[in-house]
Amino acid sequence: NAGVTQTPKFQVLKTGQSMTLQCAQDMNHEYMSWYRQDPGMGLRLIHYSVGAGITDQGEVPNGYNVSRSTTEDFPLRLLSAAPSQTSVYFCASSFSPGSSGNTIYFGEGSWLTVV
Amino acid sequence: KQEVTQIPAALSVPEGENLVLNCSFTDSAIYNLQWFRQDPGKGLTSLLLIQSSQREQTSGRLNASLDKSSGRSTLYIAASQPGDSATYLCAVKRGHNNDMRFGAGTRLTVKP
């Protein structure tokens, strides 16, 4: 039972480079989201998706793109990496927001350093 | 804008002690509140979820309470163990679209 799988675990980028963080879930969850976690600030929502083909911006979307072509996958793209994007990134998934209970499941994180 | 605050930022207690972690939020119009545990280098694991209509939830040695009117939630851990050492985060969901606002967490250390 894999749950939410993120790759890569660690990545170092040079300023201006682009890359994609991968996220996959095997629980048939409609809702998927990306957060970043910075020291002393908790998690902040970057983008989210309520189903295949539907995405929307969260609290800190600038510099990131997402797409949702399948229920299982929700990749996060950094278009032109900046040192301010050095952070730990978490992907999460859950059933429809309207479901009772609605426990959210997190991946183990991707540590990104931009130099 | 919803702001979520957790105090203290860090807490160290001897094994066996009962303890309370605090979470406060500025907007009482919440959909639900969740408590999470995060181990170093790992993702978050949901511990307890309290719907806006509920006052508390219990799971084993954990009890979470919710007081919407005062904008507060507490996580009570009974008979703490070294294995409880982790960072505990609370998060409030503002509406059914699942936009969650997180506190910065309380880092708990339980000493043997």
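Thresholds applied
- Residues numbered from 1 in each chain as written.
- Chains lettered and ligands numbered in written order.
- Predicted model: local features only at pLDDT ≥ 70, side-chain atom pairs only at ≥ 80, totals over all residues.
- Heavy atoms only, no water.
- Pairing = 2+ DSSP bridges.
- Helix = DSSP H or I, 4+ residues; strand = E, 2+ residues; numbered from the N terminus.
- Axes fitted to C-alpha atoms, helices over the stretch in contact; angles between N-to-C directions.
- Core = buried A, V, L, I, M, F, W, Y, C linked by side-chain atoms within 4.5 Å.
- Buried < 20%, exposed > 50% of the residue type's maximum accessible area, 1.4 Å probe, protein only.
- Contact = heavy atoms within 4.5 Å.
- Buried area = accessible area lost by both parts, 1.4 Å probe.
- Salt bridge = Lys/Arg side-chain N within 4 Å of Asp/Glu carboxyl O.
- Polar contact = N/O pair within 3.5 Å; in protein donor to acceptor, adjacent residues only side chain to side chain.
- Phe/Tyr/Trp six-rings, centres within 6.5 Å; stacked < 30°, edge-to-face > 60°.
- Lys NZ or Arg CZ within 6 Å of the ring centre and 35° of its normal.
- Disulfide = S-S within 2.5 Å.

## Re the sheet that holds strand E8 (residues 72–77) of chain B
Through backbone hydrogen bonds, the strands of a sheet pair up, either in parallel or in antiparallel fashion.
Residue and element names in this part refer to chain B.
Working step 1: The strand order across the open sheet built from five strands is E1-E3-E8-E7-E6, with neighbouring strands paired in antiparallel fashion. Single-partner strands in this sheet number two, and they are strand E1 (4–7) and strand E6 (56–59). Across the sheet, the mean angle separating the axes of adjacent strands is 15° when strand polarity is ignored.

## A few points about the nonpolar core
Working step 1: Grouped together as the largest cluster of nonpolar side chains are 22 residues, with contacts concentrated most on B:Phe25, B:Leu33, B:Trp35, B:Leu75, B:Ile77, B:Tyr88 and B:Leu108.
Working step 2: At the level of secondary structure, the elements contributing two or more residues to this core comprise strand E3 (19–25), strand E4 (32–38), strand E5 (44–51), strand E7 (62–67), E8, strand E9 (86–93) and strand E11 (106–111) of chain B.
Working step 3: The residues touching B:Leu33, leaving out its near neighbours within four places in the chain, are B:Cys23, B:Phe25, B:Leu48, B:Leu49, B:Ile50, B:Leu66, B:Ser73, B:Ala91 and B:Val92.
Working step 4: Listed in part, the 19 residues of the second largest apolar core include A:Met19, A:Met27, A:Val66 and A:Leu78.

## Examining the interface of chain A and chain B
Working step 1: Counting residues at the interface gives 25 residues for chain A, matched by 23 residues for chain B.
Working step 2: Contact between chain A and chain B buries roughly 1800 Å² in total, counting both sides, with carbon and sulfur atoms accounting for 50%.
Working step 3: Connecting chain A to chain B are three salt bridges.
Working step 4: There are three residue pairs in polar contact (both at pLDDT 80 or more) connecting chain A and chain B.

## Quick word on the packing of aromatic side chains
Working step 1: Considering all chains together, one arrives at eight aromatic pairs over all chains under this definition.
Working step 2: Measuring from ring centre to ring centre gives 5.7 Å for A:Tyr31 and A:Tyr48, while their planes differ by 25°; the resulting arrangement is stacked. Here A:Tyr48 lies in strand E5 (residues 42–51) and A:Tyr31 lies in strand E4 (residues 31–38), a separation of 17 residues in the sequence.
Working step 3: For A:Tyr31, a relative accessible area of 0% corresponds to the buried category.
Working step 4: Relative accessible area serves as the criterion here: at 9%, A:Tyr48 is assigned to the buried category.
Working step 5: The rings of A:Tyr35, A:Phe106, B:Phe36 and B:Phe102 are connected pair by pair, giving a single aromatic cluster.
Working step 6: Just above the ring of A:Phe74 sits the side chain of A:Arg68; from NZ or CZ to the centre is 6.0 Å.

## Describing the state of the cysteines
Working step 1: Here the structure, examined in full by the defined rule, presents two disulfides over all chains.
Working step 2: At a sulfur-sulfur separation of 1.9 Å, the disulfide partner of A:Cys23 is A:Cys91. Disulfide A:Cys23 to A:Cys91: torsion about the S-S bond roughly -75°, handedness left-handed. Placement of the pair is A:Cys23 in strand E3 (residues 19–25) and A:Cys91 in strand E9 (residues 87–94), with a sequence separation of 68 residues. Neither A:Cys23 nor A:Cys91 differs from the other in exposure class; each is buried.
Working step 3: Across the disulfide, B:Cys23 is cross-linked to B:Cys90 (sulfur-sulfur distance 2.0 Å). Handedness of the B:Cys23-B:Cys90 disulfide follows from its S-S torsion of about 75°: it is right-handed. Here B:Cys23 is found in strand E3, whereas its partner B:Cys90 is found in strand E9, with 67 residues between them in sequence. Just as B:Cys23 is buried, B:Cys90 falls in that class too.

## A short note on the sheet that holds E3(A)
Residue and element names in this part refer to chain A.
Working step 1: Spatially, four strands are ordered E1-E3-E8-E7 in an open sheet, and the strand pairing comes out antiparallel. The strands lining the two open edges of the sheet, one partner per strand, are strand E1 (4–7) and strand E7 (64–66). Taking each pair of neighbouring strands and ignoring which way they run, the sheet shows an average axis angle of 20°.
Working step 2: Of the strand pairs in this sheet, E3 and strand E8 (residues 76–78) are connected by three bridges, and their pairing is antiparallel. Opposite Leu21, over in E8, you have Leu76 as the bridge partner.

## As for the environment of B:Pro40
Working step 1: Mapped onto the fold, B:Pro40 is located in the loop between E4 and E5.
Working step 2: In this structure the C-alpha to C-alpha distance between B:Pro40 and B:Ala86, which are 46 residues apart in sequence, comes to 7.2 Å.

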